[in-house]
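Each chain is listed here by its residues.
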Amino acid sequence: MSAKKVKQENIKNRIAVGSGKGGVGKSTTSVNLAIYYAKKGKKTLLADLDPLSDIKTIIDREDLKEGSKEPVQIFENLYLLTPFQNAGKVSPVKVHENLVSDSYKITNNKFDLIIFDLPAGSDETENLAFLDFADILLVVTNPEPLSHVASGGYIKKAADKRPDLPVFIWHNRYEKNLESDFNPDDVAGNYNRNVPDVEKLKPSMAGRFLNVAKIPRDSSLDLLGTDTTFGAVALRNIVILLELLYSELTMPVVSMAAPGGRIGGLINSYLSSNKRLDNPDEIIEDLFRYIGAFISRLGKTTDTKINLSMLLSDDERVRITECLDTVRKDKKLIDLRKAITVTKDALHSLENSSRQFYADLVPDKYNTVVREVSAVISDAENIIPDGAAINIAGTVLFYLAVFNLVKNEDYHNAMIDFLPMKTKKGGKQERDRNTQIKQLVERNMEYQKKFINLVKYLQLPLIGEIEKISSDLKLNKILFTEDKNGKTKINTAIYAKLLGNYLHDSLNSGLSIIIGFPYRTASMSFQKSAALVLGLLND
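Small disclaimer: the values here were computed from a predicted structure and weren't measured.

Let's shift gears to the overall build of the protein chain. Of regular secondary structure, the protein chain possesses 21 helices and 12 strands. Out of the 539 residues in the protein chain, the part that is buried amounts to 52%. Counted over contacts in the protein chain with a minimum sequence separation of 6, partners at least 24 positions apart contribute 74%.

In structure tokens, the structure reads:
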């Protein structure tokens, strides 16, 4: 199991996952990588080398209290080694020796891939020593200065320990903030700007670190492993769709006023993330700061407080001011901003509920959401003439109906009954997350059949709810329909697919399993990055 043996056998299948500090999603990344590769048919070992690890919590195997002396199969193609779970009885030095001597019988198992989840930090004995067994190192980080400084320091020590070890950077909760001069892509640069010269990474070293993953923040994936309410998932999707509609509406206005395509995109991005447009003068000043920070990031100037208005002609400044004034006063956009605000407020109330999977809104909040959202989607065909808005509005109507449906006790209980449950000490029932993850990983046919039956059970009342809302609020124009034998009917196939996607997101929330969400941007990004890492192993 030594590095020398690995080199002799010319096998490159060992991935070390580390981080400079805790709380960046390192162990969650390790678990999801292992599950992804296992689902792809790779016999995968996840070696938990973090004495303070929460991997057994992530996969809901609290029964693994003692350290394992050899790999334990968790799911199909996925094995777990937990030498530190009997904390205090085994030292890092001893675990290292056992890996060298192959006391854990790893070689005999002939794993296709081995993932080492290392402890946070850069201690020589607890962390860096285990780089002896790695073919590549993934450094997990978040888009904030402290995390980048810690990651840079860890990379420097890792490079000193193993100069030949390829190092790749995995960004979790990735997002760009154009109002800040912090560049979330540049770990080496952010590290160097915050340490003494003697500690800085040399340019030749900094250039070696490839960003292999930029996993965006997505609250619907709920990577912290907490349960969400079924209604919150519906409201969250309504917010996403309304914000998409808002962006579609503002872009044409911005395009006519903006001095160049890139600036236009920045103005639209600013408008999409800033819905409070009460004070025109403050908006203009804030917008120019926003774009000025971006220009600074491009290297055109080192002044992060650049006054963009000085770089524009009088005509350009007037057109941008008029653009913002149009956006601020347009009734359709005013209604959209209000609908987004009240829906976010209702979503916040549900997300902060202490009730597992189910929480209800007070009547006033519920009625406000329905009123404001329906007012927006009822005018969809007049908003964007090419029909794109109709599809968005029709999907919003679907989620409004879903939100109503899950308020019904029978249908809510049908979703709860779908979840595998287990009894804890004291007789309390809770979701059996391990069984649920296993069903997802192994594509269990019984699970699939049960899921399809749930979709069929809920589809008819859902269609009834959609028809009721569309009739009461005069929203028939945004229904998804099809022509059958010369008659226009509800397109049940489209609604069945939407319902299946919603149920998948709702029922599997809180599992910390990102690859279980095939339609989410973060999930698609994760899978693409995991495939890239696999390719880099033998590049």
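Having seen the model, we can carry on.
Turning to the confidence of the model for the protein chain, a few remarks are in order. For the protein chain, per-residue confidence averages 83 on the pLDDT scale, and residues scoring 70 or more make up 83% of the total. Considering each helix and strand of the protein chain separately, the mean pLDDT is smallest for helix α1 (residues 3–9), with a value of 44, and largest for strand β5 (residues 113–117), with 97. Low pLDDT (under 50) marks residues 2–8, which in the prediction has 8 contacts with non-local residues, meaning those over four places away or in another chain. A low-confidence stretch, residues 298–306 (pLDDT under 50), is modelled with 14 contacts involving residues beyond four sequence positions or located in other chains.

Right, let's talk about the side chain of Gln 436 for a bit. Mapped onto the elements of the fold, Gln 436 is located in helix α18 (residues 433–441). The residues touching Gln 436, leaving out its near neighbours within four places in the chain, are Leu 419, Pro 420, Arg 431, Leu 507, Asn 508 and Leu 511.

Glancing now at helix α19 (residues 445–472). Residues that lie three or four places apart on an α-helix share one face, since the helix turns once every 3.6 residues. Taking 1.5 Å per residue, 28 residues should reach 40 Å; α19 reaches 40 Å between its end C-alpha atoms and fits that length. By the largest-angle criterion, Gln 459 marks the main kink of α19, which is about 35 degrees, and a proline, Pro 461, follows within four residues. In the segment just after α19, Lys 474 is the residue with positive phi, at about 55 degrees.

Attention now moves to the pattern of salt bridges. Per the stated rule, a full pass over the model turns up 21 salt bridges. A salt bridge links Lys 105 to Glu 70; the shortest N-O distance between them is 3.6 Å. Here Lys 105 is found in the loop between α4 (92–101) and α5 (106–109), whereas its partner Glu 70 is found in the loop between α3 (55–58) and β3 (72–75), with 35 residues between them in sequence. When its relative accessible area of 41% is taken as the criterion, Lys 105 is described as partly exposed. A salt bridge links Glu 482 to Lys 484; the nearest nitrogen and oxygen atoms lie 3.8 Å apart.

Both strand β11 (residues 481–484) and strand β12 (residues 487–490) contribute to a ladder of 4 bridges, which runs antiparallel. Bridging from a neighbouring strand, Glu 482 pairs with Lys 489 of β12. Between β11 and β12, which pair antiparallel in sequence order, lie 2 residues; one of them, Asn 485, sits at a positive phi of approximately 55 degrees.

Where helix α17 (residues 409–418) contacts α19, the axes come no closer than 11 Å and their chain directions differ by 175 degrees. Our classification of the angle between α17 and α19 gives roughly antiparallel. Of the residues in α19, those in contact with Asp 410, Tyr 411, Ala 414, Met 415, Asp 417 and Phe 418 of α17 are Tyr 447, Lys 450, Phe 451, Leu 454, Tyr 457, Leu 458 and Pro 461. In terms of residue class, the contact of α17 with α19 is built from 10 nonpolar, no polar and 3 charged.

Inspection of every chain in the model, using the stated rule, returns 13 aromatic pairs. Taking 6.0 Å as the distance between ring centres and 70 degrees as the angle between the ring planes, the aromatic pair formed by Phe 418 and Phe 451 counts as edge-to-face. Placement of the pair is Phe 418 in helix α17 and Phe 451 in helix α19, with a sequence separation of 33 residues. Judged by relative accessible area, which is 13%, Phe 451 ranks as buried. Every member of this aromatic cluster is reached through a ring pair, and the members are Phe 398, Tyr 399, Phe 480, Tyr 495 and Tyr 502. In this arrangement the basic side chain of Lys 43 is found over the ring face of Phe 111, its NZ or CZ atom lying 5.3 Å from the centre. Over the face of the ring belonging to Phe 418 we find Lys 450, whose NZ or CZ atom lies 5.4 Å from the ring centre.

What follows is about the pairing of strand β1 (residues 14–18). Among the 5 residues in β1, 5 count as buried, and that is most of the element. Residues Arg 14, Ala 16 and Gly 18 line one face of β1 and the alternating positions Ile 15 and Val 17 line the opposite face, and both faces are buried. Where β1 meets β5, 4 bridges bridge the pair, whose relative direction is parallel. Directly across from Ala 16, in β5, lies its bridge partner Phe 116. Across 4 bridges, the pairing between β1 and strand β6 (residues 136–141) is parallel. Bridge pairing links Gly 18 to Val 139 in β6.

Backbone hydrogen bonds hold the strands of a sheet together, and the pairing may be parallel or antiparallel. If you walk across this open sheet you meet the 8 strands as β3-β4-β2-β5-β1-β6-β7-β8, and the pairing is mixed. In the strand order of this sheet, the two ends are held by β3 and β8 (210–216), each with one partner. This sheet shows a mean twist of 25 degrees between the axes of neighbouring strands, independent of strand direction. In this sheet, strand β4 (residues 78–81) lies alongside β3 in antiparallel orientation, the contact comprising 3 bridges. What sits directly across from Phe 75, in β4, is Leu 78. Running over the sheet, helix α6 (residues 145–161) touches β1, β6 and β7 (167–174) and is turned about 165 degrees from β6. Set on the sheet, helix α21 (residues 521–537) makes contact with β1, β5, β6, β7 and β8; between it and β8 the angle comes to about 160 degrees.

Every buried residue of α4 is listed here: Pro 92, Val 95, His 96, Asn 98 and Leu 99. When α4 is viewed along its axis, its buried side chains cluster within an angular range of 160 degrees and face the same direction. On its buried face, α4 sits against α5. Two residues or fewer after α4 comes Asp 102, characterised by a positive phi angle close to 60 degrees.

Turning our attention to unusual backbone geometry. For Lys 110, which is not a glycine, the phi torsion comes out positive at approximately 50 degrees. Topologically, Lys 110 is positioned in the loop between α5 and β5. Looking at Lys 110, the relative accessible area reads 68%, which means it is exposed. Its identity is not glycine, yet Asn 485 carries a phi of approximately 55 degrees, on the positive side. Structurally, Asn 485 can be placed in the loop between β11 and β12.

Its place among the elements puts Met 415 in helix α17. By relative accessible area, which is 2% here, Met 415 ends up buried. Each C-alpha atom of the pair Met 415 and Phe 451 lies 9.7 Å from the other, and the pair is 36 residues apart in sequence. In contact with Met 415, not counting residues within four places along its chain, are Phe 230, Val 406, Leu 454, Leu 458, Tyr 502, Leu 503, Ser 506 and Leu 507.

Calculation criteria
Residues numbered from 1 in each chain as written. Predicted model: local features only at pLDDT ≥ 70, side-chain atom pairs only at ≥ 80, totals over all residues. Heavy atoms only, no water. Helix = DSSP H or I, 4+ residues; strand = E, 2+ residues; numbered from the N terminus. Buried < 20%, exposed > 50% of the residue type's maximum accessible area, 1.4 Å probe, protein only. Contact = heavy atoms within 4.5 Å. pLDDT = per-residue confidence, 0-100. Expected span 1.5 Å × (residues − 1). Bend = angle between axes of the 7 residues up to and from the residue. Salt bridge = Lys/Arg side-chain N within 4 Å of Asp/Glu carboxyl O. Pairing = 2+ DSSP bridges. Axes fitted to C-alpha atoms, helices over the stretch in contact; angles between N-to-C directions. Parallel < 35°, antiparallel > 145°, perpendicular 65-115°, else oblique. Nonpolar A, V, L, I, M, F, W, Y, C, P; charged D, E, K, R; others polar. Phe/Tyr/Trp six-rings, centres within 6.5 Å; stacked < 30°, edge-to-face > 60°. Lys NZ or Arg CZ within 6 Å of the ring centre and 35° of its normal. Arc of directions from axis to C-beta.

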